[in-house]
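Summary of the model geometry
If you want the building blocks of each chain, they are given just below.
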Amino acid sequence: MAGRINDDDVKAVRDAVPIDAVVSEYLQLRNAGGGNLKGLCPFHDEKSPSFQVSPSKGLFHCFGCQEGGDTIAFVMKIDHLTFSETVERLAGQAGITLRYEEGGYNPSHQRGERIRLVEAHKIAADFYREQLNGPEAETGRRFLAERGFDQDAAAHFGVGYSPAGWDHLTRYLRGKGFTDRELISSGLSQDGRRGPIDRFRGRLMWPISDTSGDTVGFGARKLRDDDNGPKYLNTPETAIYKKSQVLYGIDLAKKDIAKASRAVVVEGYTDVMACHLAGVTTAIATCGTSFGNDHIKILRRLLMDNGSARVIFTFDGDAAGQKAALRAFEDDQKFAAETYIAIAPDNMDPCDLRLAKGDDAVRDLVEPRTPLFEFALRQIVGRYDLETPAGRAAALDEAAPVVARIKNSSSQHEVAVQLAGLLGILDTQFVVKRVGQLARWARDRGERGPQSGGPSRGGPARQQEPAPRAPSGPALNLRSPAHRTERELLKLALQKPALVSPAFDAYGEDEFTAPPYAAVRRCVAEAGGTEQGLAETRDYLAAVLDAAPDDTVRNLVTELAVEVFHGKSIDETYAGMQLVHVRLRAVDRRIHDVQGSLARLGHNVAPDHLAAAQNEVWVLQQYAESLRSHGAAAL
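These notes cover the structure that comes with them. Position numbers for residues start from 1 in each chain and track the written sequence from start to end. For this predicted model, a pLDDT threshold of at least 70 governs which residues receive local features, and a threshold of 80 or more governs which side-chain atom pairs are given and counted, while totals over whole chains, interfaces and linings are taken from all residues. Hydrogens and waters are ignored; side-chain quantities use all the structure's heavy atoms.

Focus: helix α1 (residues 7-16)
The cut-off we apply is this: Residue exposure (1.4 Å probe, protein chains only): buried if accessible area is under 20% of the type maximum, exposed if over 50%, otherwise partly exposed. A run of H or I in DSSP counts as a helix once it spans at least four residues, and a run of E counts as a strand once it spans at least two, with each numbered from the N terminus. Relevant arc is that of directions from the helix axis to the C-beta atoms, nothing else. In this description, contact between two residues means that some pair of their heavy atoms is separated by no more than 4.5 Å. Here a polar contact is recorded for every N or O atom pair within 3.5 Å, except that within protein the pair must consist of a potential hydrogen donor and a potential acceptor, and residues adjacent in sequence are included only if both atoms are side-chain atoms.
Among all positions in α1, only D9, V10 and V13 are buried. Projected onto a plane normal to the axis of α1, the buried residues spread over an arc of 105° and lie on a single side. Against α3 (71-79) and α4 (83-94) lie the buried residues of α1. The backbone nitrogen of D8 lies 2.8 Å from a side-chain oxygen of the residue at the head of α1, namely N6.

Focus: the environment of A535
If you trace the backbone, A535 turns up in the loop between α23 (515-526) and α24 (537-547). Considered as a pair, A535 and P497 are 38 residues apart in the sequence and their alpha carbons are 9.8 Å apart.

A few points about the sheet that holds strand β3 (residues 51-54)
The test is simple: Paired strands, in this sense, are two strands between which DSSP finds at least two bridges. Only C-alpha atoms enter the line fits that serve as axes; for helices the fit covers just the stretch in contact. Angles between N-to-C directions range over 0 to 180 degrees.
An order of β1-β2-β3-β4-β5 is seen for the five strands of this open sheet, with the pairing classed as antiparallel. The two strands at the open ends of the sheet, each matched to only one other strand, are β1 (30-33) and β5 (68-70). Across this sheet, the average inter-strand angle for adjacent strands is 25°, counted without regard to direction. Bridge analysis of strand β2 (residues 36-39) against β3 gives three bridges, and the strand direction is antiparallel. What sits directly across from G39, in β3, is F51. Contacting β3, β4 (59-62) and β5, α3 crosses the sheet at an angle of about 120° to β5.

Here's the deal with the pattern of salt bridges
Note the cut-off: For salt bridges, the criterion is a side-chain nitrogen of Lys or Arg within 4 Å of an Asp or Glu carboxyl oxygen.
Across all of its chains, the model carries 34 salt bridges by this definition. Here K122 makes a salt bridge to D126, at a shortest N to O gap of 3.7 Å. Of the two residues, K122 and D126 are both situated in helix α6 (residues 113-131); the distance of four residues between them amounts to about one turn of the helix. Residues joined by salt bridges that share partners form a network here, namely R487, E488, K491, E559 and E563.

So, the sheet that holds strand β11 (residues 232-234)
One open sheet holds the four strands; their spatial order is β6-β9-β10-β11, and the pairing between them is antiparallel. Looking at strand neighbours, the two that pair on one side only are β6 (160-162) and β11, the edges of this open sheet. Averaged over all pairs of adjacent strands, the angle between strand axes in this sheet comes to 35°, irrespective of strand direction. Across the sheet, α6 touches β6, β9 (203-209) and β10 (215-222), and the angle it forms with β10 is around 35°. The strands touched by helix α12 (residues 269-277) within the sheet are β9, β10 and β11, with β9 carrying the most contacts at an inclination of about 70°.

Following this line, the structure appears as structure tokens:
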């Protein structure tokens, strides 16, 4: 079996793949100042960005959940890969050939499960695309043409065809070196009477990719009457495919979603194709499941959850579509974005609308029309006879709890007023009080009740910013001037070592009063000191991280390595001030300790000890005065 990856090759991979390019595949990044970028953390749920990336240092750190590290650490965590799997994946992207110690390179053994399954899906996607050009796939090509999709459209979306035989793909993948176990676990094959057979046969195939662009599954549409399976058949749950965590078209739409701060959620593969071809390039769809929490998390990271963001749902106007819209409304407040619903004339989906009325009609459809909360409330009250007092009361009983779930009290009041208008109840305050009463009851029962404050934006209120989570690392008193200065000095040592070297390397751990900072100082020393950072900052930071004894210290190193400085001009003068303040406080502490020791001993101190202590105090006092008078020059 192959051995460990060569250390020089790991370094080459780390240097070759920019961390901001990798992270941008999963979330939107914006300028955070100081050369850093920020976004919504993919590792915990948050409403405002506390996740920062430092491209120059190749590091990321979340100030909310304390996750941090380099490019390899990010990919390992977000895609649940081993170290070797991650390095191999990034090496493949960078075109780097890896060397393996203790036995050489054996790809069939060395590559991890996820790498193998993704590779199988990539080969399968290419296989299916090629089959679409064959004579057997005439039915599939006709299906696409009837829906307005030509050969170029099919190629753009990677649409393919699975042959009708039992094991065409299975035999093809076996020939590529994949085992039967891998074929079954990938979901591309299934158990047959005499071994694995193709899962998808005689169907039109849509490849489903994750946010990084890797094909992780397929959606298959039946074409023949003798196919007894469902109209659409998706890849089963596998190690790389979780239907609640994928969105069809996200790989094509993510950049435009981030750029436009808008996402359009449609119901099917052909609807996504129709929208993109009509110019609505922010369209995505769920894959055989309803829109849920994990889908929201994906979109929120791309939208950055700013107040101008828009999410537009398109649903059929039939009962099933209305039910889907109401389900989406239940999760509405998990967005900071405004949510809308768009229903085409005659209940057509975007694909049919494009065929009937052209691209302009599709573009017009998804312009924000009806707020989702308004649609949901109209659906509720529409089931009752509002001409009678009993009907209005019954409608209020069902609709008021929905409004009471709105977290922001200002917006809750506004929507309650609108509800009164929908119901035709002239006593608006009665409806407002009813909603407020239900909200209080929910809060008293321990449910998530409304929070006061915050601007009303004309839609369902969004949950207010939660209180900052306490860091999981060691407790630090950041109100302490000493701790603040020590923190700035460590940030300089990690981010701009040239400004504090060589003076910093003469500082002892005891000059840092916070134990976590002393631990970071120790890591810098074990990495060779700030002198090592003068040539190549990334290698130096990697050495400091390697010296960390545990994840707590390692996370603090990444935090300090990406955190912005407090000063306006980060130059030699600023660095000198931090060096002086930390040293001066250390000198003052030593003077205080010696004088305190003499005071405790009183008349019992030996004359020679007294003389030595008094001399030390005098020397320290002169040094302190020199630091105060001459600053960094006295160091």
